[in-house]
Amino acid sequence: MPDENQQQPPQPNPERKTLDDRARMTELERLRHSCAHVMATAILRLWPDAQFAYGPPVENGFYYDLECSHRISPDDFEQIEAEMKREIKANNPFERIEVSREEAQRDAKRGRLGGLTERPNNPSKFKLDLLQQIPEGEKISYYKNGDFIDLCAGPHVMRTGNIGAFKLTTVAAAYYKGDEKGPQLQRIYGTAFKNKTQLDEYFKMLEEAKRRDHRKIGAEMGLFAIDPEYVGPGMPLWLPKGTAIVEELEKLAKETEFAAGYVRVRTPHLAKEKMYLTSGHLPYYAESMFPPMTLLEGEDIARRPVLREKFQEDLHSGAVLTPEKIDAFIEKAYHVFKAEGLEGDRYYLKAMNCPHHHRIFAAEPRSYRDLPLRMAEYGCCYRYEQSGELFGLMRVRSLNMNDAHIYCTEDQFASEFRAVNDMYLKYFKIFGLEKYQMRFSTHAKEGLGRKYVNEPELWLKTEDMVRRVLQESGIHYVEVANEAAFYGPKIDVQVWSAIGREFTIATNQVDFAVPARFGLQYKDRDNTMKTPLCIHRAPLGTHERFIGFLIEHYAGNFPLWLAPEQVRVMTIGEDQALLDYAQGIINELRAHQVRAEADFSHNPIKAKVAEAEKARVHTMLAIGPRDREGGNVSVRLHSQGHVGARPKDEVIRGIVEAIRDRRT
Ligand SMILES: [Zn+2]
Ligand SMILES: [Zn+2]
């Protein structure tokens with residue numbers, strides 16, 4: 001049950017970090033969190049009544065939530081940054097002071113925590129609340145830099161001077177503890193780095209990412225459209241040019257999987273409630289699924305007149321419908337339907353393909369000879385993401401997934417897992433991904449039976465196998481304890497685009513619980529029935545996420561094999577022989593499945609080239625009378641310029657081969 005739709009983890013709802021989390025904080029996170037203390041110091045110098053709540057490091061920086069009589073805007077940043085620089089220049093140590101709970105409570109009541117001085121009429125109310133969340137028996141500590149004292153368990157850098165370079169970025173509204181009923185706070189975001197060069201590089205990368213925004217380039221190139229009014233938000237329509245990319249990716253996946261011994265299946269987009277109760281998606285995952293559709297059919301429909309009778313009174317009462325009346329009516333309808341046994345069948349749009357694949361496994365008797373069974377489908381799933389979280393192709397409600405489930409025995413697991421790994425490496429090479437990382441999440445013994453399925457030996461064994469494969473393949477990976485899925489260890493695959501931005505593209509998961517819940521079995525050599533393990537894998541993630549990533553990675557300048565328009569043939573001149581020659585080239589290219597288009601318009605060649613460049617056509621073939629006479633074409637490559645006149649057959653052969661080999 002991999003969750004490929006998670007782009008970046010949503011901004012964590014502030015929740016107190018455990019000591020374990022803190023011990024895992026990287027050097028950069030410590031630096032950024034320390035910078036939040038420095039920012040608070042600066043804000044208090046300007047607005048002494050400020051009360052601070054949470055100030056954790058986040059991806060790419062830090063924030064601190066505060067309540068303050070002054071409404072902080074980006075116009076204030078310069079002034080705050082100037083104060084921060086002073087604090088950094090002072091190079092104050094971050095001093096750790098351990099206190100008793102009583103001392104901390106007393107200081108908080110006096111407004112001293114998250115403050116520069118005591119503030120008798122302005123108690124540190126959020127810190128008081130935070131104090132209550134510190135488990136009994138855990139040490140309570142302050143961190144002090146200059147006059148600023150904060151309730152904090154750390155860790156920090158040694159001195160304020162260790163913060164090499166920083167910048168405040170945005171201000172946003174936030175609720176205390178993410179609770180809409182709680183007090184509204186101001187959240188100031190910033191980022192910090194070890195030095196100015198890294199900070200500058202980061203902002204340059206953001207600038208470049210903006211230029212490469214997949215929504216912008218997608219619209220310029222006519223790849224996809226989102227139609228919230230008629231189709232619905234978060235459900236991209238693939239336009240012909242985007243579809244060309246989608247189909248190239250599917251072709252790549254199908255060829256690769258076929259060669260690796262996969263079989264292909266196709267499944268409907270819906271399934272009955274029972275499916276998801278069995279898989280465990282319901283009720284736990286219900287919030288991420290579209291609401292069910294209720295279907296009444298057969299005999300139930302025949303009983304409709306009986307039902308109508310029961311509602312006669314309501315229908316003819318002529319009463320004005322108020323929300324209360326409607327609610328009462330719904331309530332009554334529910335009871336009447338229930339009493340008549342007319343709940344109908346509930347169907348859900350599938351949020352994952354696994355359950356359908358499990359039912360395919362169950363559709364025929366299986367023996368050990370059938371294993372490993374590698375079942376692949378580019379399946380279309382639907383997930384309910386809140387409208388505020390939808391983002392272009394990156395966070396969507398309909399997604400096409402490069403899915404497959406590998407059913408295997410324990411003995412087969414290591415080699416199957418290795419083959420999946422190799423497939424990733426092959427793809428990384430094709431797409432020119434030089435930087436990637438596998439994030440390997442394992443279980444924690446304490447969580448067995450609660451957070452993790454209670455199979456202590458199987459956990460250790462599979463984790464061991466996964467670890468060994470990762471080590472042997474020399475792949476770059478990090479291991480994180482206590483973040484596995486309920487059903488087994490998982491691996492998140494992170495890749496970096498050409499401009500150094502990180503994306504989580506796919507999740508692999510080992511599953512040793514759900515096959516049993518579906519009663520999946522095979523007959524082993526010794527005639528006993530056994531439950532297979534299942535590996536979920538989706539190296540190309542979803543079309544939506546992956547193409548969004550590729551647009552940024554290539555800045556829309558796709559390699560020939562992926563380019564929506566691979567070749568454009570442009571004429572210089574208008575005589576019939578020339579047009580026939582040009583059309584002949586297009587016909588030949590299209591016969592080889594090359595996406596070749598014509599520009600035989602009257603426009604001057606300069607204008608034709610400019611237009612093709614703008615459309616990011618990969619290869620432009622200009623054809624004038626001299627080319628025709630010599631059996632040549634003049635080749636021009638997108639954003640590389642003129643290559644020169646070449647024999648027509650050689651050029652066509654070159655194009656066909658480059659596409660076949662998926663050259664970058
Ligand atoms: Zn799955
Ligand atoms: Zn701190």
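Cut-offs and rules
- Residues numbered from 1 in each chain as written.
- Chains lettered and ligands numbered in written order.
- Predicted model: local features only at pLDDT ≥ 70, side-chain atom pairs only at ≥ 80, totals over all residues.
- Axes fitted to C-alpha atoms, helices over the stretch in contact; angles between N-to-C directions.
- Helix = DSSP H or I, 4+ residues; strand = E, 2+ residues; numbered from the N terminus.
- Parallel < 35°, antiparallel > 145°, perpendicular 65-115°, else oblique.
- Left-handed = near helix turned anticlockwise from the far one by under 90°.
- Contact = placed C-beta atoms within 7 Å.
- Expected span 1.5 Å × (residues − 1).
- Buried ≥ 20, exposed ≤ 12 C-beta atoms within 10 Å, placed from the backbone.
- Arc of directions from axis to C-beta.
- Pairing = 2+ DSSP bridges.
- Domains from an automatic or database assignment.

Colleague: Hey, could you run me through the packing of helix 4 (residues 101-109) against helix 5 (residues 125-133) in this one?
Modeller: Each pair of packed helices gets described by two things: the angle between the helix axes and the distance between those axes. One can describe the packing of helix 4 onto helix 5 by two numbers: an axis separation of 9 Å at closest approach and a directional angle of 160°. Classified by the angle between their axes, helix 4 and helix 5 sit roughly antiparallel to one another. Here helix 4 and helix 5 pass one another in a crossing that is left-handed. Between helix 4, through Arg101, Ala104, Gln105 and Ala108, and helix 5, the contact on the second element is made entirely by Lys127, Leu128 and Leu131.

Colleague: Would you mind showing me how to read helix 8 (residues 240-259) here?
Modeller: Each turn of an α-helix holds 3.6 residues, which means side chains three or four residues apart point in the same direction. In this model, helix 8 (20 residues) spans 28 Å end to end at C-alpha, consistent with the 28 Å of a helix rising 1.5 Å per residue. Within the sequence span of helix 8, burial applies to Gly242, Ile245, Leu249 and Ala253. An end-on view of helix 8 places all buried positions within 70° of arc, on one side of the element. Those residues of helix 8 that are exposed and aimed more than 90 degrees away from the buried face are Pro240, Glu247, Glu255, Phe258 and Ala259. Contacts from the buried residues of helix 8 go to strand 9 (224-225), strand 10 (237-238), strand 15 (373-382), strand 16 (398-408) and helix 19 (543-554). Looking one or two residues past helix 8, Gly261 carries a phi angle of roughly 85°, positive in sign.

Colleague: I keep staring at the sheet that holds strand 26 (residues 619-623) and nothing clicks. Help me out?
Modeller: Strand-to-strand pairing in sheets goes through backbone hydrogen bonds, with the strands running parallel or antiparallel. The sheet built from five strands is open, its strands ordered 25-24-26-27-28 with mixed pairing. Edge strands, defined here as strands with exactly one partner in the open sheet, are strand 25 (596-599) and strand 28 (641-647). In this sheet, neighbouring strand axes are inclined to one another by 25° on average, regardless of whether the strands run parallel or antiparallel. Two elements, strand 27 (residues 632-637) and strand 28, share six bridges in a ladder whose sense is antiparallel. In the strand pairing of strand 28, Val635 is matched with Gly644. Sheet strands touched by helix 20 (residues 576-591): strand 24 (567-571), strand 25, strand 26 and strand 27. Its angle to strand 24, the strand with the most contacts, is close to 175°. Against the sheet, helix 23 (residues 648-660) touches strand 24, strand 26, strand 27 and strand 28, its axis set at about 120° to strand 28.

Colleague: How do you make sense of the domain arrangement of the chain when you look at a structure like this?
Modeller: In many analyses, interface size is given as the accessible surface area lost on bringing the parts together. Per the domain assignment, the segments making up the chain are domain 1 (19-208), domain 2 (237-268 + 350-554), domain 3 (277-345) and domain 4 (567-660). Centre-to-centre separation of domain 1 and domain 2, based on C-alpha positions: 39 Å.

Colleague: I keep staring at the sheet that holds strand 6 (residues 148-151) and nothing clicks. Help me out?
Modeller: Taken in spatial order, the three strands of this open sheet run 4-5-6, and their pairing is antiparallel. Unpaired on one side and paired on the other, strand 4 (95-99) and strand 6 mark the two borders of the sheet. Direction aside, the axes of adjacent strands within the sheet are offset by 30° on average. Here four bridges tie strand 5 (residues 140-145) to strand 6, and the two strands are oriented antiparallel to one another.

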